[in-house]
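Now for the letters of each chain:
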Amino acid sequence: VATMTELSPTAGKNSQDIQGDEKLSPRKAPSICSTRYGIAFIVHLCNFITMAQNIIINITMIAMVNSTNHQPSFNDSTEGLPVNSFGDPNNSPKSLPARGLGYGGQFAIWERWSPPHERSRLCGVSISGILLGTCIAILLGGIISQTLGWPFVFYIFGGFGCICFLLWCVLVYDDPVTHPWINITEKEYIISSLAQQVSSTKQPLPIKAMVRSLSIWSMCVCCFSHQWLINIIIIYAPTYISSVFNIDIRNSGFLSALPFIVAWVICLLGSYLADFLLTKNFRLVTVRKIATVLGNLPSSTFLLVLPYVASNYIIAVSLLTLSCGLGMLCQPGVYINALDIAPRHSSFLMGASRAFAQISAVLAPTVSGFLLSQDPEFGWRNVFSLSFVINTLGLIFYLIFGKADVQDWAKERKLTHL
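Here the structure is a predicted model, which means the values were calculated and not measured.

### So, the overall build of the protein
Turning to step 1, where the next piece is worked out: Helix and strand content of the protein: 17 helices and two strands.
Turning to step 2, where the next piece is worked out: Within the protein, the fraction of its 418 residues that count as buried is 51%.
Turning to step 3, where the next piece is worked out: Across the protein, every contact between residues at least 6 apart in sequence was considered, and the portion connecting residues at least 24 apart equals 85%.
Turning to step 4, where the next piece is worked out: For the protein, the accessible surface area stands at approximately 18,800 Å², while carbon and sulfur atoms represent 67% of it.

### Here we look at helix α15 (residues 346-357)
Turning to step 1, where the next piece is worked out: Taking 1.5 Å per residue as the helical rise, α15 with its 12 residues ought to reach 16 Å, and the 16 Å between its terminal C-alpha atoms agrees with that figure.
Turning to step 2, where the next piece is worked out: Among the residues making up α15, those that are buried are S346, L349, M350, S353, R354 and A357. Considered in projection along α15, the buried side chains sweep an arc of 130 degrees and stay on one side of the axis.

### Overview of the packing of aromatic side chains
Turning to step 1, where the next piece is worked out: Scanning the model with the defined rule gives 12 aromatic pairs in all.
Turning to step 2, where the next piece is worked out: Relative to F401, the ring of F397 has its centre 4.9 Å away and its plane inclined at 50 degrees; by these criteria the two rings are tilted. Of this pair, F397 and F401 are both found in helix α17 (residues 379-401), four residues apart, which corresponds to roughly one turn of the helix.
Turning to step 3, where the next piece is worked out: Its relative accessible area of 26% is what places F397 among the partly exposed residues.

### Overview of the packing of helix α6 (residues 119-147) against helix α11 (residues 253-279)
Turning to step 1, where the next piece is worked out: Interaxial distance between α6 and α11 falls to 8 Å at its minimum, and their mutual angle equals 170 degrees. Considering the angle they form, α6 stands roughly antiparallel to α11.
Turning to step 2, where the next piece is worked out: Taken together, the residues that form the contact of α6 with α11 break down as 16 nonpolar, seven polar and three charged.

### Let's talk about the environment of H179
Turning to step 1, where the next piece is worked out: Structurally, H179 is set in the loop between α7 (150-171) and α8 (184-193).
Turning to step 2, where the next piece is worked out: The sequence separation of H179 and T35 amounts to 144 residues, and the corresponding C-alpha distance is 9.1 Å.
Turning to step 3, where the next piece is worked out: In contact with H179, other than residues within four places in its own chain, are T35, W113, L171 and Y173.
Turning to step 4, where the next piece is worked out: Within polar-contact distance, the side chain of H179 engages the backbone oxygen of L171 at 3.0 Å.

### A word on the UniProt feature "transmembrane region" (unreviewed entry) in the protein
Turning to step 1, where the next piece is worked out: Look at the UniProt record and you will see "transmembrane region" (unreviewed entry) annotated at residues 122-144, 150-173, 257-278, 290-309, 315-336, 348-371 and 383-401.
Turning to step 2, where the next piece is worked out: Helix makes up 100% of residues 122-144 and strand makes up 0%, while its end C-alpha atoms are separated by 32 Å.
Turning to step 3, where the next piece is worked out: Measuring from the first to the last C-alpha atom of residues 290-309 gives 28 Å, for a span that is 80% helix and 0% strand.

### Re the side chain of N391
Turning to step 1, where the next piece is worked out: Locating N391 in the fold gives a position in helix α17.
Turning to step 2, where the next piece is worked out: Note on N391: relative accessible area 0%, which makes it buried.

### A closer look at a nonpolar patch on the surface
Turning to step 1, where the next piece is worked out: A grouping of F160, I163, L167, V170, L171 and W181 is seen on the molecular surface, where their side chains present a nonpolar patch of about 520 Å² in accessible area.
Turning to step 2, where the next piece is worked out: Relative to the elements of secondary structure, L167 occurs in helix α7.
Turning to step 3, where the next piece is worked out: Overall, L167 belongs to the partly exposed group, its relative accessible area being 30%.

### Observations concerning the packing of helix α12 (residues 284-305) against helix α13 (residues 313-326)
Two quantities define a packed helix pair, namely the angle between the axes and the distance from one axis to the other.
Turning to step 1, where the next piece is worked out: Their axes nearest at 8 Å, the elements α12 and α13 cross at an angle of 160 degrees. Relative to α13, α12 is oriented roughly antiparallel. The chirality of how α12 crosses α13 is left-handed. Along its contact with α12, which presents L294, G295, P298, S299, F302, L303 and V305, the element α13 presents L319, L322, S323 and L326.
Turning to step 2, where the next piece is worked out: Here the residues of the contact of α12 with α13 are counted per class, giving eight nonpolar, three polar and no charged.

### Some details on the side chain of R288
Turning to step 1, where the next piece is worked out: By secondary structure assignment, the location of R288 is in helix α12.
Turning to step 2, where the next piece is worked out: Polar contacts involving the side chain of R288 include one to the side chain of S120, which spans 2.9 Å.
Turning to step 3, where the next piece is worked out: Apart from the residues lying within four places of it in its own chain, the contact partners of R288 are R119, S120, P332, G333, V334, I336, N337, D340 and Y398.

### A few points about the nonpolar core
In summary, soluble globular proteins display a tendency toward joint burial of nonpolar side chains.
Turning to step 1, where the next piece is worked out: Of all hydrophobic cores here, the largest spans 89 residues; its most connected members are W110 and L306.
Turning to step 2, where the next piece is worked out: The element that contributes the greatest number of residues to this core is helix α10 (residues 214-245), accounting for 18 residues.
Turning to step 3, where the next piece is worked out: With residues up to four places along the chain from it excluded, the contact list for L306 reads A237, Y240, A316, L319 and F384.
Turning to step 4, where the next piece is worked out: By size, the runner-up hydrophobic cluster in this structure holds seven residues, among which are L277, L278, V285 and V287.

### Quick look at the pattern of salt bridges
Once their charged atoms are close, side chains differing in charge can pair, the charge on each being opposite to the other.
Turning to step 1, where the next piece is worked out: Evaluated as defined, the whole model comprises six salt bridges.
Turning to step 2, where the next piece is worked out: A salt bridge links E118 to R36; the shortest N-O distance between them is 2.6 Å. Of this pair, E118 sits in the loop between α5 (107-113) and α6 while R36 is found in helix α2 (residues 35-59), placing the two residues 82 residues apart along the sequence.
Turning to step 3, where the next piece is worked out: Across the pair K411 and D408 runs a salt bridge, and its minimum N-O distance is 3.6 Å.
Turning to step 4, where the next piece is worked out: Looking at K411, the relative accessible area reads 23%, which means it is partly exposed.
Turning to step 5, where the next piece is worked out: Connected via shared salt-bridge partners are R36, E118 and E186.

About the criteria used
Every chain is numbered on its own, with residues counted from 1 as its sequence reads. Totals for whole chains, interfaces and linings use all residues, but because this is a predicted model, local features are given only for residues with pLDDT of at least 70 and pairs of side-chain atoms are given and counted only at 80 or more. Where side-chain values are given, they derive from all heavy atoms of the structure, hydrogens and water being excluded. Numbering of helices and strands starts at the N terminus; helices are DSSP runs of H or I of at least 4 residues and strands are runs of E of at least 2. Working definition: with a 1.4 Å probe on protein chains only, accessible area under 20% of the residue-type maximum means buried, over 50% means exposed, and in between means partly exposed. A contact between two residues is defined here by any heavy atoms of the two lying within 4.5 Å. Here the accessible surface of atoms and residues is derived via Shrake-Rupley with a 1.4 Å probe, and residues count as covered only by protein chains that are part of the display. Residue count minus one, scaled by 1.5 Å, sets the expected span of a helix. The reported arc concerns the directions from the helix axis to the C-beta atoms and nothing else. Centres within 6.5 Å make a pair out of two Phe, Tyr or Trp rings, where for Trp the six-membered ring is used; the pair is then stacked when the planes are under 30 degrees apart, edge-to-face when over 60, and tilted otherwise. Helix axes are fitted only over the stretch in contact, all axes being lines through C-alpha atoms; the angle between N-to-C directions runs from 0 to 180 degrees. An angle counts as roughly parallel when it lies under 35 degrees, as roughly antiparallel when it exceeds 145, as roughly perpendicular when it falls between 65 and 115, and as oblique in every other case. Under the convention adopted here, Pro, Cys and the residues Ala, Val, Leu, Ile, Met, Phe, Trp and Tyr are nonpolar, Asp, Glu, Lys and Arg are charged, and Gly plus all remaining residues are polar. Contacts described as polar in this section are N or O atom pairs within 3.5 Å, which, within protein, must combine one atom able to donate a hydrogen with one able to accept it, while residues neighboring in sequence count only if both atoms come from side chains. UniProt positions are given in the numbering used here, feature names are shortened, and annotations may be inferred rather than shown by experiment. Here the term patch refers to residues with relative accessible area over 30% and no salt bridge, with like charges joined within 9 Å and nonpolar side chains (Val, Leu, Ile, Met, Phe, Trp, Tyr) within 5 Å. Only one rule defines a salt bridge in this text: a Lys or Arg side-chain nitrogen within 4 Å of an Asp or Glu carboxyl oxygen. Here is the rule for handedness: rotate from the far helix to the near one, and if that takes an anticlockwise turn smaller than a right angle the crossing is left-handed, while a clockwise turn gives right-handed. Nonpolar core, defined: a set of buried Ala, Val, Leu, Ile, Met, Phe, Trp, Tyr and Cys residues in which side-chain atoms within 4.5 Å join the residues together.

And the structure:
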């Protein structure tokens, strides 16, 4: 008779206890100057160039259309470049397929490369490349197009993309076991830290268990509500400031890039802070929820009070910048929670939660446009208030049902014969 028995971890240990085990202390293995951080930096560069290339397509669009020849020349038509609201690539349909493949697929690396103590910072270093690529493309894309001609924008960023591709092919491997140049101490450290979470055999997706899991639904709902907030910040907040102060901040390269610079810094600092708290014996679920609260509540609150500071342009822009920047504190929170609750299926769950969250990219502009058309006087307050309510409800749902321990359905199972 064949029965399914679950491989139990070491007696008295669960996945969160493993996080605090002294045997897995990161001090026993190389840290910054290590193979895993080198891979994180390469993924950072790949995210950087992927996002930058998406942005420069928008930046050079008018220059390409208005150009009468293919020779590099000065082009004055880059004024008013079509970078949507802070230059955000979320508003560009051309960017979505590339971002979806790259963003979801890269988390498969961290299933086998990220020790539990270091997941936040490794993922944070990797993902922050998206933010840096956005702000660098906004700052330099128009300048290069004006001074050297729009073809050179593609030559420069395309050439850098080829370099990143070569680095990826040569230096990135599926796991520490197959990497030819990894330090032995680091290899043993990573393998031992993931011994209870990574399986050498391919596991089937437990779809029914996933659909019934409240921890997954809490992650998806929180991602949806946070993306609603981000969409409002990116799309409508700059429009609000333009309508109130008659100043279009999208015409300023620095002001357009500033929120992404702040977000890049906060993403890195927040990721390191999350892992630091783990070394201070904070429970993993507590760290994830603290990061999620800090990434949701202040951002939505700043947006809520934005209509009440209509008399001060500097305060309004500052609140908008902080809202965008602080939102990245969710990265070491809910956005990498799938690596905690189901390490073996984290890539699928990351993609599924992001797909669910992107529904907000359709609903948020539609609902906000309707509110603005129905009530021109108080429309902006209604838009920002609705965003605050949705964001808060999603956060509360995650705080109640969110988990950080490996779920039973995500643990390795094997067939035994009695």
